[in-house]
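Now for the letters of each chain:
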Amino acid sequence: MSHGTTVFGPDPQHAYCPNCGKNVMTHTEPKLNLITWLICLLTGFWCILCCCDCTKDVDHRCSVCATYLGSYKR
Ligand SMILES: [Zn+2]
């Protein structure tokens, strides 16, 4: 069991949740940042950007208690 060195990817994965005290499956949620929104507004390509993972970070949360565990950054 490894603690504190989890590297998060873009997809749900197993990770240690300190709140649950065990390994759980993470729940991912794409995080649109301000720059992404500005680009969307300026270009009108929002639907393309929202379907493209290249501009988004991903938050990982515990699927059991929703504690924030980390995020994946490109
Ligand atoms: Zn948990």
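Our structure is the block above this text.
Just so you know, these numbers come straight off a predicted model, no measurement behind them.

*Asks:* Would you explain the overall build of the chain in this entry?
*Replies:* Check the secondary structure of the chain and you find two helices and four strands. Going residue by residue from the N terminus, the α and β elements of the chain occur as β-β-α-α-β-β. Taken over 74 residues, the chain has a buried fraction of 27%. Residue pairs in contact within the chain that sit at least 24 positions apart in sequence constitute 49% of those at least 6 positions apart. On the chain, roughly 5,000 Å² of surface is accessible, and the fraction owed to carbon and sulfur atoms is 62%.

*Asks:* Help me out: how do you make sense of the sheet that holds strand 1 (residues 14-17) in this one?
*Replies:* Paired through backbone hydrogen bonds, the strands of a sheet run either parallel or antiparallel to each other. Across the sheet, four strands lie side by side as 1-2-3-4; this open sheet has antiparallel pairing. What marks the edges here is a single partner per strand, and that holds for strand 1 and strand 4 (68-72). In this sheet, adjacent strand axes meet at a mean angle of 45° when their direction is disregarded. For strand 2 (residues 22-31) and strand 3 (residues 57-62), the ladder comprises six bridges, and the chain directions are antiparallel. Residue pairing in the sheet places His27 in a bridge with Arg61 of strand 3.

*Asks:* Could you clarify how one ought to interpret the pattern of salt bridges in this entry?
*Replies:* A side chain with one charge may pair with a side chain of the opposite charge, provided their charged atoms come close. Inspection of the entire model under this criterion finds two salt bridges. For Lys73, the salt bridge identified is with Asp57, shortest N-O distance 3.6 Å. Of the two residues, Lys73 sits in the segment after strand 4 while Asp57 sits in strand 3, which places them 16 residues apart along the sequence. Look at Lys73 and you get exposed, because its relative accessible area is 53%. Its relative accessible area of 17% is what places Asp57 among the buried residues.

*Asks:* How should I be thinking about the coordination of the zinc ion in this particular structure?
*Replies:* Four donors placed tetrahedrally about a metal ideally form angles of 109.5 degrees, and six donors placed octahedrally ideally form angles of 90 or 180 degrees. Cys17 (SG), Cys20 (SG), Cys62 (SG) and Cys65 (SG) make up the full set of protein donors to the zinc ion, lying at 2.2 to 2.3 Å. Here the zinc ion binds four donor atoms, and the angle range of 103 to 114° at the metal identifies the geometry as tetrahedral. Counting the intervening residues between successive donors of the zinc ion yields the motif C-x2-C-x41-C-x2-C. Linking Cys17 in strand 1 with Cys65 in the loop between strand 3 and strand 4, this pair joins segments that are 48 residues apart in sequence.

Quick notes on the rules
- Residues numbered from 1 in each chain as written.
- Predicted model: local features only at pLDDT ≥ 70, side-chain atom pairs only at ≥ 80, totals over all residues.
- Heavy atoms only, no water.
- Helix = DSSP H or I, 4+ residues; strand = E, 2+ residues; numbered from the N terminus.
- Buried < 20%, exposed > 50% of the residue type's maximum accessible area, 1.4 Å probe, protein only.
- Contact = heavy atoms within 4.5 Å.
- Areas by Shrake-Rupley, 256 points an atom, 1.4 Å probe, with all protein chains shown as cover.
- Pairing = 2+ DSSP bridges.
- Axes fitted to C-alpha atoms, helices over the stretch in contact; angles between N-to-C directions.
- Salt bridge = Lys/Arg side-chain N within 4 Å of Asp/Glu carboxyl O.
- Donors = N, O, S within 2.8 Å, 3.2 Å for Na, K, Ca; no water.
- Tetrahedral: all angles 85-135°; square planar, octahedral: opposite > 155°, others 65-115°.

Geometric descriptors of this kind do not, in isolation, establish any biological role.
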